[in-house]
Amino acid sequence: MEKTYKIEVDCASCANLCEQAAKKVDGVCDVRINFMMQKMTVVFEDGANEDKVVKAILKACTKVESDFEIYAEAL
Amino acid sequence: MNRKQKKILTRIIISLCLTIVLNIVKTYGVLRFALFLLTYLVIGYDILRKALRGIINGRVFDENFLMAIATVGAFGLAVYSGSGDYNEAVAVMLFYQTGELFQSCAVGKSRKNIASLMDIRPDSVHIEKDGSLVCAEASTIEIGTVITVKPGEKIAIDGVVEEGESSLDTKALTGEAMPVWVKAGDEALSGCINIGSALKIRTTKRFEDSTVSKILELVENASGRKSRAEKFISKFSMVYTPTVCILALCLAVFPPLFMWVFMGVAPWSVWLYRALTFLVISCPCALVISIPLSFFASIGGASREGILIKGSNYIESLSRVGSVAFDKTGTLTKGEFAVKDTVPYNTDKDRLMYFASMAEFSSTHPIAVSILKAYSKKGDISNVKIIEEHGGMGVTAVVDETPCAVGNAKLMEKLGIEIPDISPSLAAVHVAIGGEYAGYILIADEIKENAISMVSALSKLGIKKTAMLTGDNRKTAEEIAKKLGIDTVISELLPSGKVEALEKIMKSTPKNKTTVYAGDGINDAPVLARSDVGIAMGALGSDSAIEAADIVIMDDDPKKIVKAICIARKCMNIVRQNIVFSLFIKFSCLALASVGIADMRLGIFADVGVMVIAVLNSMRALKATRD
């Protein structure tokens with residue numbers, strides 16, 4: 001399952017670090033953060049609880065960049 | 001400016017005012033300290049909080065931490081020395097926040113600029129309900145619904161014209177303002193502007209599958225496909241940051257240590273200050289933001305010209321092009337056959353064409369179509385009887401009670417009719433009337449008007465190796481190649497042979513240069529995939545072409561290939577400029593900071609100023625070069 005979210009991240013290098021932090025989260029197969037478009041695409045592992053995973057991603061990313069925000073689905 | 005930015009601006013203004021007031025109105029001692037502290041907190045509370053969070057989460061050495069230390073240190077120094085000069089701390093924080101705001105606005109504005117270029121898709125449509133027009137959201141429209149597009153409006157969903165006649169402006173899709181006339185039964189693509197009268201269109205696709213949505217998606221995702229330059233910058237900043245931190249630490253510790261041991265002085269605060277300035281300057285944000293922005297701007301600018309680039313990496317590859325290979329039919333030539341000449345034998349041109357067109361009137365073969373186009377007089381079709389198609393050879397028919405045959409040499413051979421010896425350089429359609437040879441019609445595929453100027457433009461850009469790959473016969477191919485100025489011709493290729501031919505060309509291209517193939521996308525998919533950069537032409541309305549290629553040119557103008565290369569080169573130039581400029585300024589400032597010439601204010605300029613300049617430079621990529 002692949003879902004795209006609108007995100008807000010101010011610094012490009014932070015976006016990179018967030019992408020790496022998000023990849024380590026349980027239930028995440030792959031994450032792509034497009035800083036230019038302020039979008040994040042998450043490929044979930046089979047059977048993962050999407051809401052939980054997204055919350056975990058948010059937590060991991062705010063550790064890196066406290067202003068990181070995830071909004072509702074873009075697509 | 002968004003909400004966050006407005007908030008910070010307010011805080012900046014408030015603390016600026018407070019600082020000015022506090023400098024005019026003399027205060028002393030604890031009151032003075034408290035008031036300055038208040039001002040400081042107004043402007044810097046979030047930085048302090050972020051710094052604390054950073055430490056807790058293990059990210060100690062980030063900008064917030066050093067800003068916090070620098071300013072707290074400045075406060076401390078002022079208290080310690082009893083000078084009451086708290087301005088330094090507040091000034092630094094003020095500078096920093098202003099700089100960050102500038103940065104954020106610059107990037108945000110550029111993004112908006114680029115995104116608005118792509119504002120080619122309306123979100124709502126008009127549908128008829130109970131006799132009047134109502135607005136509806138385009139994403140809810142089912143296939144088969146009839147939408148009304150008024151003059152001046154953009155079409156939101158692909159469909160077929162149900163009612164009305166008008167002309168459509170395809171500029172948003174192809175980059176050319178060439179109007180297309182449509183009437184009932186014609187396809188009307190989303191993204192086009194209706195410039196005539198109102199049209200009723202029955203949708204054939206859903207909103208998200210329509211052409212314009214697909215293009216938007218492509219462009220948006222293109223910046224996700226990273227180029228080598230972007231990947232390098234990511235890796236670079238990963239290594240760079242810890243390195244710089246360690247260097248800063250050394251700068252903070254070793255010189256004062258050295259001086260303490262050997263000279264007995266301990267200017268810790270001086271070196272600490274320098275180390276902090278050092279860290280502020282070193283932030284690689286300028287590079288990390290401006291490089292993707294350049295690619296993003298190029299992709300946006302290119303899409304306005306009707307050139308869709310599917311990834312930043314293709315921009316890089318395209319800029320290093322060494323050889324260009326072309327498909328012939330449909331790419332370099334119009335793909336439509338046209339009558340070049342008629343050579344009658346024992347009869348006149350008119351009679352020759354009359355019999356040929358009558359016999360071919362019902363055929364849909366491109367050659368038949370060209371004959372029918374060339375012969376303007378319409379004969380009485382009821383005079384044509386017993387039409388027989390001979391597959392791969394031609395047709396025979398009885399016209400005006402006379403048997404005639406129209407076809408190639410093979411047909412004439414079959415019927416036992418002798419044909420004159422003509423060189424097979426052009427497709428010749430032989431005609432026999434009443435069992436006797438009557439002459440031949442020469443059919444040729446016309447070269448596209450811009451094809452010749454394209455080849456010379458390529459050579460002006462330094463791309464001298466051009467090749468033509470075609471399944472057509474050798475003589476025809478060589479003649480066309482000569483006219484165009486293309487030096488390598490590989491003809492009579494079977495579809496499978498095209499890939500091999502391309503590979504040969506790729507082998508002969510120098511290692512650091514790429515090979516580009518331009519074709520029509522539909523039957524060239526494997527060749528497009530094999531080349532370094534595959535360009536599909538004339539992709540308007542063709543989904544498969546968009547899928548198969550790396551770069552899609554919506555119309556079929558060969559000059560766009562040249563434009564694409566120019567855009568790519570411009571982008572890479574800007575990227576290189578930004579890298580050189582940023583690194584040069586950064587390293588100079590770092591050197592200055594280490595010896596104490598640069599103070600915190602210069603440091604912030606080196607960080608923010610460089611970034612803003614780099615971002616502005618990136619925006620130049622939006623303008624596609626004028627040729």
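Cut-off values and rules
- Residues numbered from 1 in each chain as written.
- Chains lettered and ligands numbered in written order.
- Predicted model: local features only at pLDDT ≥ 70, side-chain atom pairs only at ≥ 80, totals over all residues.
- Heavy atoms only, no water.
- Helix = DSSP H or I, 4+ residues; strand = E, 2+ residues; numbered from the N terminus.
- Rg over C-alpha atoms; globule rule 2.2 N^0.38 Å.
- Areas by Shrake-Rupley, 256 points an atom, 1.4 Å probe, with all protein chains shown as cover.
- Lys, Arg positive; Asp, Glu negative; His and termini not counted.
- Charge placed at Lys NZ, Arg CZ, Asp CG, Glu CD.
- Buried < 20%, exposed > 50% of the residue type's maximum accessible area, 1.4 Å probe, protein only.
- Pairing = 2+ DSSP bridges.
- Right-handed = clockwise from strand over helix to strand, strands pointing away.
- Phe/Tyr/Trp six-rings, centres within 6.5 Å; stacked < 30°, edge-to-face > 60°.
- Disulfide = S-S within 2.5 Å.
- Patch = residues over 30% accessible without salt bridge, like charges linked within 9 Å, V, L, I, M, F, W, Y side chains within 5 Å.
- Salt bridge = Lys/Arg side-chain N within 4 Å of Asp/Glu carboxyl O.
- Contact = heavy atoms within 4.5 Å.
- Buried area = accessible area lost by both parts, 1.4 Å probe.
- Polar contact = N/O pair within 3.5 Å; in protein donor to acceptor, adjacent residues only side chain to side chain.
- Expected span 1.5 Å × (residues − 1).
- Axes fitted to C-alpha atoms, helices over the stretch in contact; angles between N-to-C directions.
- Parallel < 35°, antiparallel > 145°, perpendicular 65-115°, else oblique.
- pLDDT = per-residue confidence, 0-100.

Let's talk about the overall build of chain A
Then, number 1: Along chain A, the regular secondary structure elements total two helices and four strands.
Then, number 2: Listed N to C, the secondary structure of chain A is β-α-β-β-α-β in terms of helices and strands.
Then, number 3: Taken against the 2.2 N^0.38 rule, which gives 11 Å for 75 residues, the C-alpha radius of gyration of chain A at 11 Å falls within 12% of a compact globule.
Then, number 4: Principal-axis analysis of the C-alpha atoms gives chain A an extent of 30 × 25 × 15 Å.
Then, number 5: Of the roughly 3800 Å² that chain A leaves accessible, carbon and sulfur atoms contribute 48%.
Then, number 6: Charge separation in chain A, taken as the distance between the mean sites of 10 positive and 14 negative side-chain charges, equals 2 Å.

What about the pairing of strand β18 (residues 465–469) of chain B?
Residues and elements named next belong to chain B.
Then, number 1: Among the five residues of β18, four are classified as buried, and the element is accordingly described as predominantly covered.
Then, number 2: As judged from the five bridges shared by strand β11 (residues 321–327) and β18, these two strands associate in the parallel manner. The residue of β18 that forms the bridge with Val 324 is Thr 466.
Then, number 3: Across three bridges, β18 lies against strand β19 (residues 488–490) in parallel orientation. Following the sheet pairing, Ala 467 is matched in β19 by Thr 488.
Then, number 4: Traced from β18 through helix α16 (residues 474–484) to β19, the parallel crossover comes out right-handed.

Points about the packing of aromatic side chains
Residue and element names in this part refer to chain B.
Then, number 1: This model, assessed by the stated rule, comprises six aromatic pairs over all chains.
Then, number 2: Between the aromatic rings of Phe 232 and Phe 236, the centroid separation amounts to 5.9 Å while the plane-to-plane angle is 25°, which identifies the pairing as stacked. With Phe 232 and Phe 236 both in helix α7 (residues 228–263) and four residues apart, the pair spans about one turn of that helix.
Then, number 3: Relative to Phe 355, the ring of Tyr 354 lies with its centre 5.6 Å away and its plane at 85°, an arrangement referred to as edge-to-face. The two residues Tyr 354 and Phe 355 agree in class, both being buried.
Then, number 4: An aromatic cluster is defined as three or more aromatic residues linked by ring pairs; in this entry it consists of Tyr 345, Tyr 437 and Tyr 440.

Considerations on the state of the cysteines
Residues and elements named next belong to chain B.
Then, number 1: Across all of its chains, the model carries zero disulfides over all chains by this definition.
Then, number 2: Cysteine Cys 17 remains unbridged, with the sulfur of Cys 105 as its closest cysteine sulfur at 19 Å.
Then, number 3: This cysteine, Cys 135, is not joined by any disulfide, and Cys 192 carries the nearest cysteine sulfur, 20 Å off.

Here we look at a positive patch on the surface
All names here are of chain B.
Then, number 1: On the surface, Arg 3, Lys 7, Arg 49 and Arg 53 cluster together into a patch of positive charge.
Then, number 2: Assignment of secondary structure puts Arg 49 in helix α2 (residues 29–56).
Then, number 3: Look at Arg 49 and you get exposed, because its relative accessible area is 52%.

Brief notes about the interface of chain A and chain B
Buried accessible area, meaning the area lost when the parts come together, often serves as the stated size of an interface.
Then, number 1: With 22 residues of chain A in contact, the opposing surface of chain B contributes 19 residues.
Then, number 2: For the pairing of chain A and chain B, the buried interface totals around 1900 Å² over both sides, and the portion due to carbon and sulfur atoms is 54%.
Then, number 3: Together, Asn 16, Met 36 and Met 37 of chain A form the three largest contributors to the area buried by chain A at its contact with chain B, with a combined 31%.
Then, number 4: Applying the counting criterion to the chain A and chain B interface returns one salt bridge.
Then, number 5: Lys 4 of chain B serves as the salt-bridge partner of Glu 8 of chain A, at 3.1 Å between the closest nitrogen and oxygen.
Then, number 6: Put simply, chain A and chain B have one residue pair in polar contact (both at pLDDT 80 or more) between them.
Then, number 7: Of all elements in the fold, only α1 (12–23), β2 (28–34) and α2 (50–64) of chain A reach the threshold of two or more residues within the side of chain A that touches chain B.

Digging into helix α9 (residues 285–304) of chain B
All names here are of chain B.
Then, number 1: Here α9 contains 20 residues, and its C-alpha end-to-end distance of 29 Å stays within 8% of the 28 Å for a straight helix at 1.5 Å per residue.
Then, number 2: Most of α9 sits inside the fold, with 19 of its 20 residues counted as buried.
Then, number 3: Immediately downstream of α9, the backbone of Gly 306 shows phi near 80°, a positive value.

What about the packing of α7 of chain B against α9 of chain B?
Relative placement of two packed helices is described by the angle separating their axes and the distance separating the axes.
Residue and element names in this part refer to chain B.
Then, number 1: The geometry of α7 relative to α9 is characterised by a closest axis approach of 10 Å and an angle of 170° between their N-to-C directions. In terms of their interaxial angle, α7 and α9 are classed as roughly antiparallel. Side by side, α7 and α9 meet where Ala 229, Glu 230, Ile 233, Phe 236 and Ser 237 of the first sit next to Leu 287, Val 288, Ile 291, Pro 292 and Phe 295 of the second.

Overview of unusual backbone geometry
Residue and element names in this part refer to chain B.
Then, number 1: Phi at Asn 346 takes a positive value of approximately 60°, unusual for a residue other than glycine.
Then, number 2: Tracing the backbone through its elements, the reader meets Asn 346 in the loop between β12 (333–344) and α12 (349–359).
Then, number 3: Taking the relative accessible area as the measure of exposure, Asn 346 reaches 73% and is therefore exposed.
Then, number 4: The backbone phi angle of Glu 401 is positive, close to 65°, even though this residue is not glycine.

Remarks on the pattern of salt bridges
Residues and elements named next belong to chain B.
Then, number 1: Evaluation of the coordinates by the stated rule reveals 17 salt bridges over all chains.
Then, number 2: For Glu 142, the salt bridge is made with Arg 206, and the minimal N-O distance between the two is 3.5 Å. Linking Glu 142 in the loop between β2 (132–137) and β3 (146–149) with Arg 206 in the loop between β9 (199–203) and α6 (211–222), this pair joins segments that are 64 residues apart in sequence.
Then, number 3: Here Lys 498 and Asp 327 are joined by a salt bridge, their closest N and O atoms 2.9 Å apart. With Lys 498 in helix α17 (residues 495–508) and Asp 327 in strand β11, this pair connects stretches of sequence that are 171 residues apart.
Then, number 4: Residue classification places Lys 498 among the buried positions, given a relative accessible area of 11%.
Then, number 5: Looking at Asp 327, the relative accessible area reads 5%, which means it is buried.
Then, number 6: Salt bridges sharing common partners tie together Glu 128, Glu 163 and Lys 200.

Focus: the sheet that holds strand β22 (residues 551–553) of chain B
All names here are of chain B.
Then, number 1: In space, the seven strands of this open sheet follow the order β10-β22-β21-β20-β11-β18-β19, with mixed pairing throughout. In this open sheet, the two edge strands, each paired with only one partner strand, are β10 (307–309) and β19. Averaged over all pairs of adjacent strands, the angle between strand axes in this sheet comes to 20°, irrespective of strand direction.
Then, number 2: Pairing geometry for strand β21 (residues 533–536) and β22, over two bridges, is parallel. In the strand pairing of β22, Ile 535 is matched with Ile 551.

Some points on the confidence of the model for chain B
All names here are of chain B.
Then, number 1: Taken over all residues, the pLDDT of chain B has a mean of 82, while the share at 70 or more is 94%.
Then, number 2: Mean pLDDT across the elements of chain B bottoms out in helix α19 (residues 543–548) (72) and peaks in helix α10 (residues 312–319) (92).
Then, number 3: Here the predicted complex carries an ipTM of 0.75, next to a pTM of 0.74.

Re the sheet that holds strand β6 (residues 179–182) of chain B
Residue and element names in this part refer to chain B.
Then, number 1: Strand order in the open sheet made by the three strands is β6-β5-β8, with antiparallel pairing throughout. The open sheet terminates on both sides in strands that have one partner only, identified here as β6 and β8 (193–194).
Then, number 2: As paired strands, strand β5 (residues 166–169) and β6 are joined by four bridges and run antiparallel to one another. Along β6, the bridge assignment pairs Ser 166 with Val 182.

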